[in-house]
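Given next are the chains, with one letter for each unit.
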Amino acid sequence: MKKTIIQTAKDLRIKRIEQDLAEASVLTVEETRKKWGCSDHGLSQVQAEDHRAAYGRNILSKKEKRPAWQQFLLSFASPFTFVLMAIAAVSAVTDIITAAPQDRNPFTVILISLIILLSGVIRFVQERRSDNATETLHEMIKVTACIERKEDGEKEIPVADIVCGDLVHLSAGDIIPADLRIISARDLFLSQAALTGESAPVEKLPDPEKEGTDALDCQDLAFMGTTVLSGTAEAIAIGTGDATLIGELNSHLNEKRPQTSFEKGVNAVSVLLIRFMAVMVPIVFLLNGFTKGNWISAGLFAISVAVGLTPEMLPMIMTTCLAKGAVTMSKEKVIVKNLNAIQNLGSMDLLCTDKTGTLTQDQIVLEYHLDIAGKADDRVLRHAFLNSYYQTGLKNLMDIAIIEATKKLDDNETEYQDFIQKYKKVDEIPFDFERRRMSVLVSDETGKTQLITKGALEEMLQISSQVEYGDQIMPLTEEMRQIVRQKACELNREGMRVLAVAQKNDAAAVGQLSAADESEMILIGYLAFLDPPKETAAPAIQALDHHGVKVKVLTGDSENVTAYICGRVGLQAGSILLGEDLDRMNEEEFSQAVEKTDVFAKLSPLQKARVVSCLRRNGHHVGYMGDGINDAAAMRASDVGISVDTAVDIAKESADIILLQKDLMVLDTGIREGRRTYGNLIKYIKMTASSNFGNTLSVLMASAFLPFLPMAALHLILLNLIYDISCTAIPWDNVDEEFEAKPRQWNANGIGSFMLWMGPVSSVFDIATYLLMFFVICPPICGGTYGVLDASGKALFISLFQTGWFIESMWSQTLVIHMIRTAKIPFLQSRASWQLSLLSLLGIAFLTIIPYTDIGTQIGLHALPAYYFAWLAALVLGYMSLATIVKKLYIHHYHELL
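Residues numbered from 1 in each chain as written. Predicted model: local features only at pLDDT ≥ 70, side-chain atom pairs only at ≥ 80, totals over all residues. Heavy atoms only, no water.

K.L.:
It is not clear to me how the overall build of the protein should be interpreted in this structure. Could you clarify?
P.N.:
What the protein contains, in helices and strands, is 32 helices and 23 strands. For the protein, restricting intrachain contacts to residue pairs at least 6 apart in sequence, the fraction spanning at least 24 positions comes to 74%. Total accessible area on the protein is roughly 38,100 Å²; 58% of this is exposed by carbon and sulfur atoms. (Helix = DSSP H or I, 4+ residues; strand = E, 2+ residues; numbered from the N terminus. Contact = heavy atoms within 4.5 Å. Areas by Shrake-Rupley, 256 points an atom, 1.4 Å probe, with all protein chains shown as cover.)

This is the structure in structure tokens:
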């Protein structure tokens, strides 16, 4: 309820800011001046102070950063860590403080303490890294800006001192210091990539002809953090600090990142194990205390059971699994910043992605060079090349694309250079934003001059009187104009940016060329530009779909461009939802819409984050891939944020995974690695929890009917230790291909049910071992009495009994690893890795041999007769058979094993 209220308050604040901007956009220049009290020479100093008091300083708020020592301590605050701490504390009391000098054994305390320290340090490092995103955002805001005040005229002041109502002067290269209303402008073009992710320049005007559908579309508004590419302007500050669009983004980056599916899963498993422990340990303690009468011994044994019930190696196994996954991914040129992201990749069933720079190459290429009829024509490209190559101004992305495309026309560099040598530049008319075109006058080897012009379509139609259609030069009639416009519209609908090319012969002489000569031109064709999809985008999306991951596109670009790119990479765009459509929906409609729709266009950064958050609330495990500032909030809202090496710093800081190369197929590799990681983790948890639960049931039965402990506390800890060492090879185990085929999510209830199904199976054979030792093995050796003592002074009957169960437990616990690691028949249909097989074999061999050594004698174990192993073989064979049957029944009932 509290989270809902907080989220509602944030949504209302965001809507208020966007509403204020929309209202500012529809005001005239005079109304804007009047509202803020801004004269032709800006505010007075008194007005500025009043506005600062009313609206605050122009700074983005920062989350109060915890001291490093405090954050380090909080890194150990997790349910499972508290359990390990409690066990370590009690073990310190029983094994060191209260134990006799000769019996002191600090091993358990040291082992658990190291595990706690390792998991805490890893968490601390990851959380410190995540705080860097907001710091990077603050660093991108320029330090000073040029404003005008009544008393001082124009002057540079710190951005933090700008107030609402200030008159701001802008020029090329400036970073917009606040949200502004443009009141005068000359050729003003901005880059809004910081907020939209789209690199195309955006023209800004004081009095646009049409109103924008949302704040970012308003041509008379400029936003903090965006950049002036060209031109000059005057503007009035209408939003400062947190009351800006980038301030909204900053507030989201200041929030604590929501728990990922991995963190929720691990916590749920921890709580489940704590519940089992809270029930089983007191029962063991009381049963042993009442039946044996030795409460100290009962307490020690209950603590040993607690240690045995706890998969205390879980943090180490988890870290090893994740680290191995990170190393594997590094070989694929992928940096894993947050180890948990490996498993989150494996659980992901939805990948939301930005378009520009992720699905596309984030570079302009010449897609088509066409004549007026819409057919490919190299002559059109040659003319455009001469225009781009010989202009002396700064070559833009489209000029570079034209030059690169021309190079590909020629078979070799020599032919390309020969073509250039045929022409000489005579003169040029530079580009300006009023004419929206540029011209170059060239002469060929015969001395013939030719004026070549390229520019925006409508401006080119204005200066053309004829058109080259097929092999004929025809008058540019109104009918022909409509044909030209229709073809350009078709290209625009495919998401392309269109320029027109025109020429005329025998133009003005040298030194006489002017804009007046751009007339009576012959229109010869079109150039269509596009940011093309990456070559690996389509196969990557197909591979993701094959592995159960659906892709949704969330972009700030237009719907036409988005639909075309989606078609190129194999995504069915269907109906595209725009940001303005989402804003009109209530929560229920929004929730349904994000499920049904796969492509979203013209989204703001916070709309992207809202879509991701809603999908997570709907039960999906969501990844988000982006490369811009506008993607940072969505990355933090997702289970796993993915970025690329060419992304802006704030995107890389917000990401969990960074791709160092353009090959998107590594995403599919990462997902499969994540599922292998999860598979090996869940193997350890399920097999250890079920085995430990079975052992505890066996102890309960023994406590009720045996006059002695079935296994000494030291034996139980040693057994658990060797078993855990065997399990350290699990991160390197093989995982069945079928397991990698679909997303895998944590399910604590599944662990509980698995314990209840498989735990009693081992108990059956533990009890069979009790009966075997009590009635078959021990009586003949001890003469049916407890009075015979072994070399350590302990009753021989008890030593033999405990040794028999000690060995059987190790065999059954180790073999259960191979039974549970696969849904297939172990050893035949699915084999463990050599690392796991070797450690399993060594563990069994070590604990089987130990009773026959002096060490075994000192810790109360005794050599067993050879015929015991014939019985053991029968028990192990029976155990494996019954475990296989129960496993098949479990899979039939729950439709999965792990």
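K.L.:
I tried to follow the packing of aromatic side chains on my own but got confused; where do I start?
P.N.:
We describe a pair of aromatic rings using the distance from one ring centre to the other and the angle between the two ring planes. Applying the stated criterion to the full structure yields 17 aromatic pairs. With centroids separated by 6.2 Å and ring planes inclined at 10°, the aromatic side chains of Y678 and F739 adopt a geometry described as stacked. With a gap of 61 residues between them, Y678 in helix 26 (residues 665-705) and F739 in the loop between helix 27 (713-727) and helix 28 (748-782) connect regions that are remote in the sequence. Of the two residues, Y678 and F739, both sit in the buried class. By the ring-pair criterion, three or more aromatic residues cluster together here, those being F385, Y389, Y390, Y416, F419 and Y423. The residue whose ring lies beneath R382 is F419, and the NZ or CZ to ring-centre distance is 4.6 Å. We note R610 situated over the ring of F590; from NZ or CZ to the ring centre the distance is 3.8 Å. (Phe/Tyr/Trp six-rings, centres within 6.5 Å; stacked < 30°, edge-to-face > 60°. Buried < 20%, exposed > 50% of the residue type's maximum accessible area, 1.4 Å probe, protein only. Lys NZ or Arg CZ within 6 Å of the ring centre and 35° of its normal.)

K.L.:
What am I meant to see in a nonpolar patch on the surface here?
P.N.:
Nonpolar side chains collect at one region of the surface, where L771, F775, V776, I781, Y867 and W871 lie side by side and expose about 580 Å² of accessible area between them. Among the elements of the structure, helix 28 and helix 32 (867-894) are those that each provide at least two residues to the nonpolar patch. Ranked by the residues each element gives to the nonpolar patch, the list is headed by helix 28, at four residues. When you line up the elements, V776 lands in helix 28. (Patch = residues over 30% accessible without salt bridge, like charges linked within 9 Å, V, L, I, M, F, W, Y side chains within 5 Å. Salt bridge = Lys/Arg side-chain N within 4 Å of Asp/Glu carboxyl O.)

K.L.:
How should I be thinking about the nonpolar core in this particular structure?
P.N.:
Where a protein is soluble and globular, its nonpolar side chains tend to be buried together. Of all hydrophobic cores here, the largest spans 141 residues; its most connected members are I642, L659 and F806. For F806, the residues in contact, after removing those within four places along its chain, are M711, H715, L718, L719, L847, I850 and L861. (Core = buried A, V, L, I, M, F, W, Y, C linked by side-chain atoms within 4.5 Å.)

K.L.:
Explain the side chain of E468 to me, please; I cannot follow it from the model alone.
P.N.:
Checked against the element boundaries, E468 lands in strand 14 (residues 464-469). By relative accessible area, which is 14% here, E468 ends up buried. Separated by 2.5 Å, the side chains of E468 and R379 make a polar contact. When residues no more than four places from it in sequence are discounted, the contact partners of E468 are I372, R379, I473, I522, L523 and I524. (Polar contact = N/O pair within 3.5 Å; in protein donor to acceptor, adjacent residues only side chain to side chain.)

K.L.:
Can you walk me through helix 23 (residues 605-617) in this structure?
P.N.:
Since the α-helix packs 3.6 residues into each turn, any two residues three or four apart lie on the same face. Compared with the 18 Å implied by 1.5 Å per residue over 13 residues, the 19 Å span of helix 23 between its first and last C-alpha is a close match. For helix 23, the tally of buried residues reaches 10 of 13 residues, placing the bulk of the element in the interior. Directly after helix 23, the chain includes G619, whose backbone phi takes a positive value near 100°. (Expected span 1.5 Å × (residues − 1).)

K.L.:
Explain the confidence of the model for the protein to me, please; I cannot follow it from the model alone.
P.N.:
A low pLDDT score tells you not to read the predicted coordinates there in detail. When pLDDT is averaged along the protein, the result is 81; 87% of the residues meet or exceed 70. With pLDDT under 50 throughout, residues 1-12 is counted as low confidence; its partners more than four residues away or in other chains account for one contact. (pLDDT = per-residue confidence, 0-100.)

K.L.:
Just checking my understanding: could you explain the pairing of strand 13 (residues 449-456) for this structure?
P.N.:
Looking down a regular strand, the side chains alternate between one sheet face and the other. For strand 13, the tally of buried residues reaches eight of eight residues, placing the bulk of the element in the interior. In this sheet, strand 13 lies alongside strand 12 (residues 437-443) in antiparallel orientation, the contact comprising seven bridges. Bridge pairing in strand 13 places V440 opposite I452. As consecutive antiparallel partners, strand 12 and strand 13 are separated by five residues, and within that stretch G447 has a phi angle of approximately 95°, a positive value. Relative to strand 16 (residues 497-505), strand 13 is paired through seven bridges, and the arrangement is antiparallel. Bridge pairing links T453 to A502 in strand 16. (Pairing = 2+ DSSP bridges.)

K.L.:
I would appreciate a short explanation of the sheet that holds strand 21 (residues 622-625) in the present structure.
P.N.:
Strand order in the open sheet formed by eight strands is 8-23-22-21-9-18-20-19, and the pairing between neighbours is mixed. Two strands bound the open sheet, and with one partner strand each, they are strand 8 (334-336) and strand 19 (577-578). Direction of pairing for strand 9 (residues 350-353) relative to strand 21: parallel, over a ladder of four bridges. When the bridges of strand 21 are listed, L350 appears paired with V622. Contacts from helix 20 (residues 559-568) reach strand 18 (550-554), strand 19 and strand 20 (599-601) within the one sheet, and its direction differs from that of strand 20 by about 150°. (Axes fitted to C-alpha atoms, helices over the stretch in contact; angles between N-to-C directions.)

K.L.:
Any chance you could explain the pairing of strand 18 here in plain terms?
P.N.:
In terms of residue burial, strand 18 counts as a mostly covered element, since four of its five residues are buried. Bridge analysis of strand 9 against strand 18 gives four bridges, and the strand direction is parallel. Across the sheet, the residue bridging to L351 is V551, located in strand 18. As defined by bridge partners, strand 18 adjoins strand 20 across two bridges and the pair is classed as parallel. Counterpart to V553 in the pairing with strand 20 is V599.

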